[in-house]
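Close look at the chain arrangement
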Amino acid sequence: MMYAVLGMIALIAGILAVLNARRSPTTLPVPIGSARPADAVAVLRSIMGSATGGMVLIAVGLGLLASTSFVQIEGDKVGHLRRIYGYTQLPPGRIIAVDGQKGPQAQILGPGFHFIPLVQVLFKIEEFAIVKVPEGSYGEIVAVDGAPMPEGMFIAPQIPDNEVADMLQAENFLKRNGYRGPQETVLKPGEYRLNRYLFNVRVDKDTRATLIPAGHVGVIKSNVSKPGTKCIEEVKAADGAIEGALSVPLVPPGCVGIWREPILPGAYYLNRRAYEVTLVDTRVKTWEYKGGYTKRIIDLSVDQQGNIRQTERSEVQPTPKEAADRAVFVKVEGWDIPQELRVLVQVNPRNAPIVVGAVGGLSEIEDSILSPAIRSIVRNVAGSEIELPDPANPGRRIRRKTHVLDLIESREALEQTIETIVKREGRKAGVDIQEIRLGEPSIPPELLVSRLREQLADQLSKAYERETAAQAKRIETEQARATANQQPKLVEAQIAVHVANQRETERAALGRA
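The sections below set out a description of the structure shown in this document. (Residues numbered from 1 in each chain as written. Predicted model: local features only at pLDDT ≥ 70, side-chain atom pairs only at ≥ 80, totals over all residues. Heavy atoms only, no water.)

1. Some remarks on the overall build of the protein
Note the threshold: Each helix is a run of DSSP H or I of at least 4 residues and each strand a run of E of at least 2, with the numbering of both proceeding from the N terminus. In this scheme, a residue with accessible area under 20% of its type's maximum is buried, one over 50% is exposed, and one in between is partly exposed, where area comes from a 1.4 Å probe on protein chains only. Between two residues, a contact is recorded if the distance between any of their heavy atoms is within 4.5 Å. Values of accessible area rely on a 1.4 Å probe in the Shrake-Rupley scheme; residue burial ignores everything except the protein chains shown.
A count of helices and strands for the protein gives 12 helices and 26 strands. Burial analysis of the protein (513 residues in total) assigns 34% to the buried set. Counted over contacts in the protein with a minimum sequence separation of 6, partners at least 24 positions apart contribute 76%. For the protein, the exposed area adds up to about 30,700 Å²; of that, 54% sits on carbon and sulfur atoms.

Have a look at this one:
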């Protein structure tokens, strides 16, 4: 400011000196060596009154004024101008000046040297760092000036990608009636030179890109509608052919509500003020119903006398953390039997919006709908009747009351019946049931001990038979070995007998002679 005042004074004085020199006759300067101190003022007046002195003052004034008329902006900064002196005020309600009014200016300065007359005098100059949006994030924009939003609008509509760079210039944004307030448009990864008086930009952990990994889809609940989109809400059911199937109103993409088409795996820069994305896992998942009971066991053993002894023990079967729920208790012939099972499920991507809109997600389907249904179906099927081939006529099927041992011996038939019913319930909930497999039931050992004893007795009998056969074989082998060991003596005896018989024959022949 001081340089500007001195420059103006020097410039005006120089101009006046030149004009005065043209009107006044030329005076010879007093030799300095002969001048008295009292004449110093007269000498200065003589110089200032000359055209040469005036030109010097003009040059000095212009130099001082020029020093206030340029600004240097660093390479990673953006220059902002706040006008201090001006003839006009901002219109009511406006914050950013477009036509040179006093206050923050729409114009910004890029890096490098800028010459603007009296810029250091008329404006306060501020430098802000360029906006950097890292990979995997987006910049959330809020405009502090602009046209007011219409009633019912809480966020300004998205600007097409090919117009974003132009609209982010403050002057264009304000002259084209960009809305003040939150913007649906976001800044994708990169660097931006923005007017920070007009735009506030937020980049933090809450502005990360929406990532849909492989094996998933994203269900969008939109809080905004795209101008020009025809929005017709339509109620969609998970399986229209089944009564009681989950249903939810869905809308086309670009409308307010749950979109009927999910987004596929990829990275999306969606403004979380405008869109809520629910991730749905579409991979095959395993639900296990396991543990949560005490298993009783009877162990059989055989002592040295061949007597069968039995001892009872128990084992606590905990429910694993990753299990969907504990084992299902089924009542068969008056016995409460823990039955473990495994269910393979999968959400069809086309049903993902229905699942999210109806209950919130797959975990809610599991906890609120399918797990209670599965437990009920297993109890009802295992505790009622079973359909099996007729032993007397294999080509014919019969139904009879379920027996406890059917949980082991007729497991496949029970699985098929349970799977058919559970698949229907799954389709109603928008979930595909791939298969159901029953685990090993914890049957009371009292029902199995007679079978176990019979099996053990059979095994002992077979063992005795094998041992007897082995002993007989051993005796035969020992006899053969002993015979082999006595073979030389037997040969000698046989030879001796043969010699004795021959001598006896010879003596008999001599007697007859």
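Moving on, there is more to tell.
2. Thoughts on the packing of helix α8 (residues 362-382) against helix α10 (residues 411-428)
So the rule is basically this: Between N-to-C directions, angles span 0 to 180 degrees; the directions come from axes that are lines fitted to C-alpha atoms, helices contributing only their stretch in contact. Throughout, the term roughly parallel applies to angles under 35 degrees, roughly antiparallel to angles over 145, roughly perpendicular to angles from 65 to 115, and oblique to all others. In this scheme, a crossing is called left-handed if the near helix is turned counterclockwise away from the far one by less than a right angle; it is called right-handed if the turn is clockwise. Any residue that is not Ala, Val, Leu, Ile, Met, Phe, Trp, Tyr, Cys, Pro, Asp, Glu, Lys or Arg is counted as polar, Gly included; the first ten are nonpolar and the last four charged.
At a closest axis distance of 10 Å, the pairing of α8 and α10 adopts a crossing angle of 150°. What the angle tells us is that α8 and α10 run roughly antiparallel. Of the two possible hands of crossing, α8 and α10 adopt the one that is right-handed. Side by side, α8 and α10 meet where L370, I374, I377, V378, V381 and A382 of the first sit next to L414, T417, I418, I421, V422, E425 and G426 of the second. Here the residues of the contact of α8 with α10 are counted per class, giving 10 nonpolar, two polar and one charged.

3. Focus: the sheet that holds strand β3 (residues 103-109)
The following threshold applies: In short, DSSP must find at least two bridges between two strands for them to pair.
Sheet architecture is open: three strands sit in the order β3-β2-β5, paired in antiparallel fashion. Each having just a single partner strand, β3 and β5 (123-129) make up the two edges of the open sheet. Sheet twist, expressed as the average angle between the axes of neighbouring strands with direction ignored, equals 30°. Where strand β2 (residues 77-83) lies against β3, four bridges are found, and the strand directions are antiparallel. In the sheet register, R82 faces β3, and the bridge partner there is P104.

4. Observations regarding the state of the cysteines
What counts is decided by this rule: The definition used for a disulfide is geometric: two cysteine sulfur atoms within 2.5 Å.
Counted under the stated rule, the structure contains one disulfide. The disulfide partner of C231 is C255, and the S-S distance across this bridge is 2.0 Å. Judged by the sign of its S-S torsion, about -95°, the bond between C231 and C255 is left-handed. Here C231 is found in the loop between β12 (216-222) and β13 (234-237), whereas its partner C255 is found in the loop between β14 (247-250) and β15 (257-258), with 24 residues between them in sequence. On the accessibility criterion, C231 (40% relative accessible area) is partly exposed. Owing to a relative accessible area of 1%, C255 belongs among the buried residues under this scheme.

5. A look at α10
We count it as follows: Expected span, for any helix, means 1.5 Å times one less than how many residues it has.
Counted at 1.5 Å a residue, the expected span for α10 with its 18 residues is 26 Å, and the 26 Å between its end C-alpha atoms agrees. Buried within α10 we find A413, L414, E415, I418, E419, V422, G426 and K428. Where α10 is buried, its residues touch α8, β24 (385-389), α9 (406-409) and β26 (431-438). Positive backbone phi, at 80°, marks G430, one or two positions downstream of α10.

6. A look at the sheet that holds strand β7 (residues 139-143)
With antiparallel pairing, the three strands of this open sheet are ordered in space as β8-β7-β10. Edge strands, defined here as strands with exactly one partner in the open sheet, are β8 (181-187) and β10 (199-202). Adjacent strand axes in the sheet meet at a mean angle of 30° when their direction is disregarded. In this sheet, β10 lies alongside β7 in antiparallel orientation, the contact comprising four bridges. Considered in β10, the bridge of V142 is made with N200.

7. Some points on a nonpolar patch on the surface
Convention followed: To count toward a patch, a residue needs a relative accessible area over 30% and no salt bridge; like charges are then connected within 9 Å, while nonpolar side chains (Val, Leu, Ile, Met, Phe, Trp, Tyr) are connected within 5 Å. When a carboxyl oxygen of Asp or Glu is within 4 Å of a side-chain nitrogen of Lys or Arg, the pair counts as a salt bridge.
Taken together, F70, F113 and F115 make up a surface patch of nonpolar side chains, about 340 Å² in accessible area. Tracing the backbone shows F113 in strand β4 (residues 112-115). In this structure F113 comes out as exposed when scored by relative accessible area, which is 53%.

8. What about the side chain of H80?
Counted only if it meets this: What qualifies as a polar contact is a pair of N or O atoms within 3.5 Å, subject to a donor-acceptor requirement within protein and to the restriction that residues adjacent in sequence count only when both atoms come from side chains.
Among the structural elements, H80 can be located in strand β2. A relative accessible area of 0% means that H80 is categorised as buried. Of the polar contacts made by the side chain of H80, one reaches the backbone oxygen of L194; its length is 3.4 Å. Among the polar contacts made by the side chain of H80, one reaches the main-chain amide nitrogen of R196 at a distance of 2.8 Å. Residue contacts for H80: discarding those within four places in its chain leaves I108, K124, I125, E126, F128, L194, N195, R196 and Y197.

9. Digging into the pairing of β7
Regular strands show a simple pattern: their side chains alternate between the two faces of the sheet. Within β7, four of the five residues are buried, which leaves the element mostly enclosed by the surrounding structure. In the sheet, β7 pairs with β8 via four bridges, with the strands oriented antiparallel. Paired with V142 across the two strands is P182, which belongs to β8.

10. A word on the packing of aromatic side chains
The following threshold applies: Each Phe, Tyr or Trp ring (for Trp, its six-membered ring) is paired with any other whose centre lies within 6.5 Å, and the angle between the two planes then decides the class: stacked below 30 degrees, edge-to-face above 60, tilted in between. Placement of a charge over a ring requires the Lys NZ or Arg CZ to be within 6 Å of the ring centre, with the centre-to-atom vector within 35 degrees of the ring normal.
A complete count under the given rule lists five aromatic pairs for this structure. Measuring from centroid to centroid gives 5.4 Å for F70 and F113, while their planes differ by 25°, and the two rings are stacked. Of the two residues, F70 is situated in strand β1 (residues 70-73) and F113 in strand β4; the sequence distance between them amounts to 43 residues. On the accessibility criterion, F70 (35% relative accessible area) is partly exposed. Between the NZ or CZ atom of R82 and the centre of the ring of Y197, over which it lies, the distance is 4.8 Å.

11. Remarks on the environment of S222
Looking at the element boundaries, S222 is found in strand β12. For S222, the residues in contact, after removing those within four places along its chain, are C255, V256, G257, W259, A274 and Y275. A polar atom in the side chain of S222 sits 2.6 Å from the backbone oxygen of V224.

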